[in-house]
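Analysis of the macromolecular model
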Amino acid sequence: MAAQLPIPIVTSLQEVHTDFVTAANQAERWNDLVAEFERRFGKKPTYIARAPGRVNLIGEHIDYVLFGVFPAAVERDIMIACGPSSSDGSSTSPGAVTAENLDPRYTRQSFAPTLNTSVLPSEQEVAGAGRAESWHIDIDKRQLRWESYVKAGYYGVLNRFFPLSSSSSAAEAHPVPVDLLVTGSVPAGSGLSSSAAMVVASTLAFLAVNEKLSGISKGQLVEMAMENEQRVGVNSGGMDQAASVISTPHSALYITFFPTLSAEPIPLPTPRTLPRAVFVCANSLVVSDKVVGARTRYNLRVVETLVGARVLARRLGIELGPTERPTLREVLGRWLKLPETKGTPSALGVETLRGALERILPEVAKLRPSSATEDQEGVTLAEMVEWSGLSAEQFHTLYLSWVDGDALPAVQAREHVFAEALRVLQFRDVCLAAAASPAAALPESTLADLGALMDASQKSCSEVFECSCPELDELTAIARGAGAYGSRLTGAGWGGCTVSLVAEDNVDAFIAQVKAAYGPYKNLEGDALREVIFATKPSSGAFVYKLE
């Protein structure tokens, strides 16, 4: 299983970039980072942590509901060069960090964790899942700052590997002071998951410099990064982190999250089709930031799906306790009367899941209120409280304490989730059928099948789940008009990127047509244009480069 594999630690870029040309091109960038670190800090780094961004090919807003998704890592990434501070420690707080960024817009930041000495956890608490936190770092969730993601990655390392107990010595309890230098090629707010890549790279950097990488699996890193990103106010489902960590070249990942994390590499048919095809990412240039819009957009959608799950469970005759907050995936398992426990294998295989989704979609449609109209956004908050079987106070505590909003279109949310989960399985089916074909070349109909599923996903995201925006709708329509087999938003939505399936020999003409038709691109040329629209190949996942 890919999630059980260790984090790669390499000493040569050719270990991860098997293509000589790619390795040579990357080496120049890595060498420049090492040289700049040495210029700024007076020594070479000991490690470079690298984490890629990701493009989700299909499966939007269903990872936090625990349904499977289908992302791939992109070639663009975040890199953090790091090493122990050269300070003698006499004037440095334990674990103090000096963080710099190659982007001149981001200034040097210095910060240090503080010990929560007022409450020292016992040895039993240290060993338990609900242990008290020994360390604290100030992160202002109300203000987006680049170093917030660095701090978020550090937080989990501190409290997992440096818990202060009554039996800890000072040397055991204190992390080393660290210098680090960040660079990245994943555009912020583009929907290619720059935030997850930053948190994964930060987590890896602090693990490496404190010599804590040994024994850490890719799956454990995913879980740490998910917890760490919550420090900046995002309740992520794990797709972004899993894609950044577990991805392999030439494949996408079918990632499932319940009852256990599983990542299945699925070969993409695009290198074997006639014509061959690539995925083109296009930035709408509308900034999509999960942190800034968390309480009114991303987290609100999370709550809507959870409320929808509770209401659906009660309508299906599934008993729930007053504090239970099941996801739609868990409700589906209970409806099938399949016992599932987090952390143990499930009897709900892919074939059973596909059939269950096909069966439950008509049932969900029946639950739409009789008074609903075609353009109705949802139901009122009072109606949702009534349908949940909870008191208003219980409902607020369970669902509304971490969002802003007084209307919850939970009916439409669950319709999108189940339909999108089914599209993911259908997309996977097309890829697996192509991989099993003995033919040297695959028909163009393979691309048409994948594209049709991408288009259906975009329609649902825009019209049902309402996580698109006018610019994304326009950009996907332009892409289809320019010859894309399919085009959809990728990422959380409300801005960011689209992903389009395009014939490889048509990429230049495709980009030219999109540039001519999409207003924000018309004055962009050269590198500026290549920053906002580009073809990409599936990349390797996160790794650590150890300097000799």
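Below you will find a few notes about this structure. On a predicted model such as this, the values are computed, not experimentally measured, just so you know.

With that settled, the discussion passes to the overall build of the protein. Secondary structure summary: the protein contains 17 helices and 17 strands in total. Here the protein, with 548 residues, has 57% of them falling under the buried criterion. For the protein, the computed accessible surface area is about 22,400 Å², with 51% contributed by carbon and sulfur atoms.

The four strands are arranged E14-E15-E11-E16 in an open sheet whose pairing can be described as antiparallel. The two strands at the open ends of the sheet, each matched to only one other strand, are strand E14 (486-490) and strand E16 (533-536). Neighbour-to-neighbour, the strand axes of the sheet open up by a mean angle of 25 degrees, direction not taken into account. Packed on one face of the sheet, helix H15 (residues 470-481) meets strand E11 (277-283), E14 and strand E15 (497-503) and runs near 155 degrees to E14. On top of the sheet, helix H16 (residues 507-517) reaches E11, E15 and E16; it is set at about 140 degrees to E15, its chief contact.

Moving on: the pattern of salt bridges. Taken as a whole and assessed by the stated rule, the structure comprises 26 salt bridges. Between Glu227 and Arg160 there is a salt bridge whose closest N-O contact spans 3.6 Å. Pair noted here: Glu227 is in helix H6 (residues 218-229) and Arg160 is in helix H3 (residues 146-161), with a separation of 67 residues, a long-range link. A salt bridge links Arg354 to Glu351; the nearest nitrogen and oxygen atoms lie 2.6 Å apart. In this pair, Arg354 and Glu351 are both assigned in helix H10 (residues 350-366), three residues apart and thus about one turn of the helix distant. Overall, the relative accessible area of 11% leaves Arg354 in the buried class. Residues participating in the shared-partner salt-bridge network are Glu36, Arg39, Arg40, Glu100 and Arg108.

The subject of this paragraph is the environment of Gly496. Topologically, Gly496 is positioned in the loop between E14 and E15. Taking the C-alpha atoms as reference points, Gly496 and Ser190, 306 residues apart in sequence, are found 3.7 Å from one another.

If you walk through the whole model with that rule in mind, you get four cavities of 30 Å³ or more. The space that makes up the largest cavity amounts to roughly 70 Å³. Lining the largest cavity are 11 residues, with Glu60, Asp63, Met239, Tyr298 and Ala492 sitting closest to its centre. The residue makeup of the lining of the largest cavity, split by class, is four nonpolar, two polar and five charged.

Attention shifts here to unusual backbone geometry. The residue after Phe258, namely Pro259, is reached through a cis peptide bond having omega 0 degrees. Following the sequence through the fold, Pro259 ends up in the loop between strand E9 (251-256) and strand E10 (262-267). The linkage connecting Leu274 with the following residue, Pro275, adopts the cis geometry, with an omega of 0 degrees. Summarising the element assignment, Pro275 is placed in the loop between E10 and E11.

Calculation criteria
Position numbers for residues start from 1 in each chain and track the written sequence from start to end. Thresholds applied to this predicted model are a pLDDT of at least 70 for local features of residues and 80 or more for the giving and counting of side-chain atom pairs; totals over whole chains, interfaces and linings are not thresholded and use all residues. As a rule here, side-chain values cover all heavy atoms of the structure and leave hydrogens and water aside. Numbering of helices and strands runs from the N terminus, with a helix taken as a DSSP run of H or I at least four residues long and a strand as a DSSP run of E at least two residues long. Each residue's exposure class comes from its accessible area (1.4 Å probe, protein chains only) as a fraction of the maximum for that residue type: buried when under 20%, exposed when over 50%, partly exposed otherwise. The Shrake-Rupley method, run with a 1.4 Å probe, gives the accessible areas here. Residue values count only the displayed protein chains as cover. Note on pairing: two strands pair once DSSP finds at least 2 bridges between them. To obtain an axis, a line is fitted to C-alpha atoms, over the contacting stretch when the element is a helix, and the angle between two such axes runs from 0 to 180 degrees between their N-to-C directions. Here, residues are in contact when the closest pair of their heavy atoms is within 4.5 Å. Only one rule defines a salt bridge in this text: a Lys or Arg side-chain nitrogen within 4 Å of an Asp or Glu carboxyl oxygen. A cavity, in this analysis, means grid points on a 1 Å lattice covering only the protein atoms where a 1.4 Å probe fits yet has no way out; a pocket is instead an open set bounded by protein on both sides within 12 Å along at least five of seven lines, and a residue lines either one if it has an atom within 4 Å of a point. Grid points are joined across faces, edges and corners, and a volume is the space filled by probe spheres set on the points. Charged residues are taken to be Asp, Glu, Lys and Arg, nonpolar residues to be Ala, Val, Leu, Ile, Met, Phe, Trp, Tyr, Cys and Pro, and polar residues to be all remaining types, Gly included.

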